Structures are given as structure tokens and as C-alpha cells.
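One-letter residues, chain by chain:
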Amino acid sequence: MAKIKTTFYCQNCGASYAKWQGQCTSCNNWNTIVEEIIQKEDKQSKRLVGLVKSNRVAKPIKVSDIETSKELRLKTLNKEFNRVLGGGIVPGSLTLLGGEPGIGKSTLLLQIALQLPFKTLYVSGEESAQQIKMRAARITPNSEQCYILTETKTQHIFKQIEAIEPDIVVIDSIQTLHTDFVESSAGSISQIRECTSELIKYAKETATPVILIGHITKDGNIAGPKILEHMVDTVLQFEGDRNHVYRILRSLKNRFGSTHEIGIFEMLSNGLREVANPSEILLSKNTEQLSGNAVAVTLEGMRALLIEIQALVSTAVYGTPQRSATGYNAKRLNMLLAVLEKRAGFRLGAKDVFLNITGGISIDDPAIDLAVVAAILSSNEDITIEKDICFAGEVGLSGEIRPVNKIDQRISEAEKLGFSKIMVSKHNKIGLKNTLIEIVGVSKIEQVVTELF
Ligand code: TYD
Ligand code: MG
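Cut-offs used in this document
Residues numbered from 1 in each chain as written. Chains lettered and ligands numbered in written order. Predicted model: local features only at pLDDT ≥ 70, side-chain atom pairs only at ≥ 80, totals over all residues. Pairing = 2+ DSSP bridges. Helix = DSSP H or I, 4+ residues; strand = E, 2+ residues; numbered from the N terminus. Axes fitted to C-alpha atoms, helices over the stretch in contact; angles between N-to-C directions. Contact = placed C-beta atoms within 7 Å. Core = buried A, V, L, I, M, F, W, Y, C linked by C-beta atoms within 7 Å. Buried ≥ 20, exposed ≤ 12 C-beta atoms within 10 Å, placed from the backbone. Expected span 1.5 Å × (residues − 1). Near = placed C-beta within 6 Å. Nonpolar A, V, L, I, M, F, W, Y, C, P; charged D, E, K, R; others polar. Domains from an automatic or database assignment.

## Regarding the sheet that holds strand β21 (residues 438-442)
The mixed open sheet is built from 7 strands, whose spatial order is β15-β16-β14-β13-β17-β20-β21. Each of the sheet's edge strands pairs with one partner strand only, and the pair in question is β15 (323-326) and β21. Taking the axes of each pair of neighbouring strands and ignoring which way they run, one obtains an average angle of 25 degrees across the sheet. Each of β13 (293-300), β14 (303-315), β16 (351-357), β17 (389-392) and β20 (421-425) is contacted by helix α10 (residues 369-381), which is oriented at about 30 degrees to β14, the strand it contacts most.

## Overview of the environment of Phe-81
Within the secondary structure layout, Phe-81 lies in helix α2 (residues 79-85). Note: C-alpha distance between Phe-81 and Ala-58 (23 residues apart in sequence) is 33 Å. The residues contacting Phe-81, other than those within four sequence positions of it, are Thr-76, Ile-112, Leu-249 and Gly-263.

## Examining the nonpolar core
Counting 110 residues, the largest nonpolar core has Ala-296, Ala-371, Val-373, Ala-374 and Phe-391 as the members making the most contacts within it. Here this core takes 8 residues from α10, the largest share from any one element. With residues near it in sequence (within four places) discarded, Ala-296 still touches Ile-307, Ile-309, Ile-368, Ala-371, Cys-390, Phe-391 and Ala-392.

## Focus: the sheet that holds strand β5 (residues 120-124)
Read from one edge of the open sheet, 9 strands run β6-β5-β7-β8-β4-β9-β10-β11-β12, paired in mixed fashion. On the outer flanks of this sheet lie β6 (146-149) and β12 (271-274), each paired with one strand and no other. Neighbouring strand axes in the sheet, compared pairwise and without regard to direction, differ in orientation by 25 degrees on average. Summarising the sheet, strand β4 (residues 94-99) and strand β9 (residues 234-239) pair through 5 bridges and their orientation is parallel. The residue of β9 that forms the bridge with Leu-96 is Val-235.

## Comments concerning the pairing of β12
Strand direction decides the pairing type here: strand β11 (residues 262-268) and β12, joined by 4 bridges, are antiparallel. Along β12, the bridge assignment pairs Leu-268 with Gly-271. Hairpin connection from β11 to β12: 2 residues lie between these consecutive antiparallel strands.

## Quick word on α10
End to end, α10 covers 18 Å across 13 residues, agreeing with the expected 18 Å (1.5 Å per residue, within 8%). Along α10, 12 of the 13 residues are buried, which leaves the element largely enclosed by surrounding structure. Within α10, burial applies to Asp-369, Leu-370, Ala-371, Val-372, Val-373, Ala-374, Ala-375, Ile-376, Leu-377, Ser-378, Ser-379 and Asn-380. Immediately downstream of α10, the backbone of Asp-382 shows phi near 55 degrees, a positive value.

## As for the site of ligand 1
As a matter of local geometry, ligand 1 sits amid 15 residues, with Gly-104, Lys-105, Ser-106, Thr-107 and Gly-271 nearest to it. Of all the secondary structure elements, the ones that give two or more residues to the shell around ligand 1 are α3 (105-115) and α4 (129-139). Its residues assigned to classes, the shell around ligand 1 comprises 4 nonpolar, 8 polar and 3 charged.

## A look at the domain arrangement of the chain
Taken as a whole, the chain is organised into domain 1 (1-42), domain 2 (74-276) and domain 3 (281-452). One C-alpha centre belongs to domain 1, the other to domain 3; they are set 50 Å apart.

Have a look at this one:
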């Protein structure tokens, strides 16, 4: 009888152990170690047979001698997607797209696959061909170049790939795949690892890009070992509030481009629409200005974005005042409240403070501090802030307004959207060229108060 090889894997972080133990010494989680059957010995010799026929032996080559084709990237029709990838899909690359269930991963990639002017193979282990067809019909009525395959076994997938020779392969999802060479069930660490390495081998040897969809766990990590993220070239994350229509595509790792780019999409009944000018949708169309609202100029990736900050300050009903922040770091909110109390003399200690960033997106750019402070003060005093003023500045612990990066870009975006005044740090004002928009430089929180009210 063939000997069966097993290994114990932590289902959380992917660390492997020779023996079972209660706690993973790598990530300290309890009861996450599970035995997985790796492979039967007699199958080892047959590994990767029929996968990609190649017995090429690599030799060292001078960098200057390596030939590259002129057009290095496959451009999709989706500009936001191209931008996040750094200009398009690199041939032979492996891209992992992660995101919460129902956020729209399958929709995004199916839409891209349908619109690509190349032969595309969309492999789905999650839905039937009819279900995909129904979805495809809603997104793009006709596409001649997209093939659908409902299959989960990698060996069968490679056989089909050999037959139709696609220019790009999409796998929905890596957790549903299984290979013959590993005995454990689909979705287990060893299966994910093995299937991914087979796909990498295929991608690198045939220069065909592969895009994988990956599920994420409840704590927000891509399910499966961290090693999956190490293996692929690019890790994208699709996020957003499921109750809102806006979705953000971010790159967490990119071997071929910057990770600062984001793409914004709107989920409609006929698929995802690219949002080319995000500020317009993030600012409310309210003509009447209310107290507690302020507009911040933030930077998401390389793009300046204007968003609305709403604050509500009211007298606490219970002994302990409540503080809550949606889309903004709650600890940072507490810090700003302490600064307002200590440096500007506002008694907020006995008040409830709620903060909300509209549009369901979350921002960790410190440049929105100034708008947060302005919104809180406006709500506290019940005085509205003029509609045509926006803010970009960081607030320090001593109440000083600190300069922020890429101020030119922020100012020009505010100008483009018709704002007539922008409040920034005094230090940011130095060296700025003349603009149509009035730039108000402030250095202390007290000054913000006198400027506004
Ligand atoms: P889906 O792509 O299946 O999510 P994932 O693959 O990330 O799990 O998206 C499912 C959600 O998207 C579902 O709640 C309905 C919504 N949706 C639309 O609003 N419009 C559409 O055209 C499609 C296809 C889906
Ligand atoms: Mg899906």
C-alpha cells in the first residue's frame, strides 16, 4: 500500500507542523491546526505531467539581452482596473482579487472578461454556466471572445486551456480548486498552495496572465495562507460598504506598479460602472447648508478626492458620553476632541460626538483632521460653514495645523469642483503659485475658530 504523507497546517496563518498541537506558535491562535493529507507517494513522480509540456532548463542571461515585447501590458476596457494594476495586465502575471462575499468580485472580473478584446477563459467553481450567462446578459449583451468553464479540478482545467489557448484566464475562486496531487479537501491550505503553484507555473511558462478570486476571512485577510499573497504578483482588494453602491478597488501588493492607486466603481443593476470623477458623487447635492458639515480634500492613491464629513455634537444623556466614528479612526476622533478641549477651550467632555464620512468609504489620510475639527465645531456651535470652503490639514497634539503632502493636487481638485476657499496649514501656503481659489493659511486651532465663526 502506498504510504500517505500528511502535514498539520494552521488554517489561520498557514504554518506547518509535523505534529498536532493545540496552539499555533506562529499566530498564537488556538484550535486552528488541522491534519491534511498531502499526497500519495506513488503520485509524486507524475506531478505536473500534462500541465505544461516543458523541459527547458533556464540559463543566466544578461539583463541587457532580455527581450521585451513593445506593448508590455494587456489593456482592459476598464480604465479604473487598468489604473489600479499600473496600466494594464502584465503577461504571465498572477493577480489575486480578494474581498468580502457579495461585494462584487465575480461581477467585476466577469465584466472585464466579457469586454476584453482577447480570448478569455472564465473558470468558475462557484456558479453554473446558466447562472453566469444570466449575469453576463445583464452586464454586456454579447461577447464573442469569452469562454466559460465550470470545473474545479486543475488537471481538467489545464486540459481545456491547452485546447482553446486563451490569452487570459480568470479563476473564480482559488478556494474551490483542487488538484489530484493533494488529497485534502478543496479550500484547505495545502490545496490552495498546490493549485496556486500549478497556476503560477502555467502563467510564467506560457506568459498568460491569470487572475484569481480569493475569499476573505472574517477578520479581513484573504482566506488561505499568507503564503498565497507571497506567491502571486499582485494582490487587489475590492472593498466597500455593502449597503452603499460604491466600491473601491485597491492594490495591496504590486510587483509591476505602485500600490497607491485606487479605482472607484458604482454597483448598478447592470454591473459595475466606473466612476471617473469620484468627488462629484461623494459631495451631497444639498443646496441648503447644515451645521456639522464640512468638506475635506483627501488623497486616495494619486487622486485627490473631496468628501463630506458630518459631525453631530449633543449633550450626553447618559453619564458616559458616547463617541462614534464611521469611516474614520475612533481613536483619532478622541484625540482631536482632547485637543479641542485643551487647546481651544471647548467643553466637549460631557457631550456625545458622532462622526460620519459620507459615501460609506473609510479614510485614514490625516489631512482630513482639519475638516473633522471644523465639522465638530460647527455642530457644537450650531453655526453652518459656508458651502464653498473646504479643508486640508493635519491637526497635531498641541493644536497646531500641520502641512500635508501633494497640496497642489488637492488645491487644483477643489478649484475644479468650484470651491472658492480652501483652508490649509500656514506652512503649506508657502511657495504656492497664484490660484483662482482663495487659500487661507492657519497655524493654530484657535485661528480656525476665528476664521470660521
Ligand atoms: P458578486 O459578484 O456575486 O459578489 P462576489 O463574487 O464578490 O461574492 O456580486 C453579488 C452582488 O452584486 C449581489 O448582491 C448583487 C449585486 N449585483 C448588482 O447589484 N448588479 C449586477 O449587475 C450584478 C451582476 C450583481
Ligand atoms: Mg463570486
